[in-house]
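Observations on the model geometry
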Amino acid sequence: MLPEIQASSWDRWKLYHLLNRTGFGVKQEEFESWTKYSPHEAVERLLHWESVPEGDVKAPDCSVKNPALVEELREIRQLPEKERQEKGRIFQRTLRKEMNALQLWWLARMRESPRPLQEKLALYWHGHFATSLQKVKNPYFMWNHLQIFRTLGHTDFRTILLAVSRDPAMLIWLDGAQSRPKAPNENYARELMELFTLGEGNYTEKDIQESARAFTGWTLDRQNQEARYVPRMHDGGAKSFMGKIGAFKDEDIIDILLGRQECSRFLARKMWRFFASQSPSEEVTGALANTLRVSGYQIKPLLRNLFLSREFYSPACMRNQIKSPVEFVLGAVRTLEVRKPRDRMLLRVCQTLGQEILQPPSVKGWDGGAAWINTSTLEMRNSFSRLLVMGGDATFFAPRLNGGGRKQEATTSPAAAATGFSPESPPQNAPEMEMDAMRERMVERLKDVPAQIFLESLLSEEAWKNRDMLVTELAERVLMSPLTGKARAQYVQALGTDDPVTTDQARQCLLSMMTDPRYQLV
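Residues numbered from 1 in each chain as written. Predicted model: local features only at pLDDT ≥ 70, side-chain atom pairs only at ≥ 80, totals over all residues. Heavy atoms only, no water.

Glancing now at the pairing of strand S1 (residues 218–221). As paired strands, S1 and strand S2 (residues 226–229) are joined by 4 bridges and run antiparallel to one another. In the sheet register, Thr-219 faces S2, and the bridge partner there is Arg-228. Adjacent in sequence and paired antiparallel, S1 and S2 are bridged by 4 residues, among which Gln-225 carries a positive phi angle near 55 degrees. (Pairing = 2+ DSSP bridges. Helix = DSSP H or I, 4+ residues; strand = E, 2+ residues; numbered from the N terminus.)

See below:
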């Protein structure tokens, strides 16, 4: 167990830290309701979300099976070529519409759910077991895939691994549905060890080949839209895997992997990097890995140890992690209480910034960390902040548009330099020219969007009469950390000398904070 934080050192800033890392920002009224809890009580409330109603975000149409789609596709394939092409285009548009509805549903869940950790943990598992709509192309399969993480994500790693191994979306994504005894597909076996359980260098090519045989037998029943085990399609022969010999099936391979210390350490490091910081110490890795092994790979004890540890609230972790696009966009919407947010717009902004949910760039998911920020994406983040505070205009995302598809010089903006971000890596999700095309469309769509933030409802009546108090209230909302010394003086001075403060002055102050490099950190 890692040494725990003491109640005597608990304060508002540590509570902000906990709620931001376990969710997507927090509204001020919600935050105040958390201040009555001790660290232990707050963490337990987060972990036991089952007692909290789910909320009223309506599930998308693709949340139920639709066998008619399968029959429709079969009928289309039997049509004459010209009619088949036309009907096929209509069919694909319907699928894309349903897939987009699923993305919008999950984004709304992350934004509005009273169970923030449920959605944040699902986002972690989505990156861990990266699977994409682009190849799966079945909205119901992707819905079912996401539900594994939302319903099982806080249980135990064995249950999650087994569910993912037999999941229709994963069977398509890594070609397990085509695996046969005489020609076992090795894709899932390889990624199971490299990306899901052990990490590179902890297995051999022979281990991949033998475990691929163990995963044969699972295929797709497309008519009933489910995975199905077919005994005759399973290789029942003896396999030699990591020093053990037996007629292994999928669960046997998973049990052998969970018995390896590399597995517990791999998962401990990866979860610490997602929730805490990029560089876990050996002490942290060892303690969390031990928690996993002792608990039988239960996820809740790991998260409890992580969120209650003194290290989680150390300077190395607090306000020291770069916000992912989803955290950046939804955090702004929630903390600044945007009214009637346009989820379709938010989804496209996340995509343009490099993170389109349910569409990771590869089987490795998103790199995260410093890869989220470069000169281009930092400009776009600041433009989004300007959109929320000031409203849209023809300059939205304009700085990058002027460059077209040309390669930028590897120069560092003042904001990037102040935060230590590298401008050299491209956005993670799309080629340069495709990104430019998306920006052009965004400019057209958003140029007439009004300001999304209503300062009158965010600030107290006293703040409008006192510049120092206004800066204090905005800093707590936006930066969620205390402003001291020179930084505070600069914001106060920028508001001028006259009281009361005008709305335009307050908006400029808010925008300055949101374009401060510290705002990119959580």
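We are not done yet, so read on.
A few words on the environment of Glu-41. Looking at where Glu-41 falls in the secondary structure, it is placed in helix H3 (residues 39–47). A distance of 2.8 Å separates the side chain of Glu-41 from the backbone nitrogen of Ser-38, its partner in a polar contact. (Polar contact = N/O pair within 3.5 Å; in protein donor to acceptor, adjacent residues only side chain to side chain.)

Quick look at the packing of aromatic side chains now. Here the structure, examined in full by the defined rule, presents 23 aromatic pairs. Taking 6.4 Å as the distance between ring centres and 35 degrees as the angle between the ring planes, the aromatic pair formed by Tyr-124 and Phe-275 counts as tilted. You can see Tyr-124 sitting in helix H6 (residues 116–128) and its partner Phe-275 sitting in helix H14 (residues 261–275), a full 151 residues away along the chain. Relative to Phe-215, the ring of Tyr-188 lies with its centre 5.3 Å away and its plane at 75 degrees, an arrangement referred to as edge-to-face. Here Tyr-188, found in helix H11 (residues 187–197), pairs with Phe-215, found in the loop between helix H12 (205–214) and S1; they are 27 residues apart in sequence, far enough to count as distant. On the basis of relative accessibility, which here comes to 11%, the residue Phe-215 falls in the buried class. The positively charged end of Arg-45 is found above the aromatic ring belonging to Trp-34, 4.0 Å away from the centroid. Sitting over the face of the ring of Phe-24, Lys-120 holds its NZ or CZ atom 5.1 Å from the ring centroid. (Phe/Tyr/Trp six-rings, centres within 6.5 Å; stacked < 30°, edge-to-face > 60°. Buried < 20%, exposed > 50% of the residue type's maximum accessible area, 1.4 Å probe, protein only. Lys NZ or Arg CZ within 6 Å of the ring centre and 35° of its normal.)

Moving on: the packing of helix H18 (residues 343–353) against helix H19 (residues 375–390). Orientation of H18 relative to H19, taken along the N-to-C sense of each, is 160 degrees, at an axis distance of 10 Å. Comparing their axes, H19 and H18 come out roughly antiparallel. The way H18 lies across H19 gives a crossing that is left-handed. Across the interface between the two elements, Met-345, Leu-346, Val-349, Thr-352 and Leu-353 from H18 touch Thr-377, Met-380, Arg-381, Phe-384 and Leu-387 from H19. (Axes fitted to C-alpha atoms, helices over the stretch in contact; angles between N-to-C directions. Parallel < 35°, antiparallel > 145°, perpendicular 65-115°, else oblique. Left-handed = near helix turned anticlockwise from the far one by under 90°. Contact = heavy atoms within 4.5 Å.)

Trp-125, Phe-129, Phe-157, Met-271, Phe-384 and Leu-470 are the most contacted members of the largest nonpolar core, which totals 150 residues. Of the residues forming this core, the biggest block, 9 residues, is contributed by helix H5 (residues 81–112). (Core = buried A, V, L, I, M, F, W, Y, C linked by side-chain atoms within 4.5 Å.)

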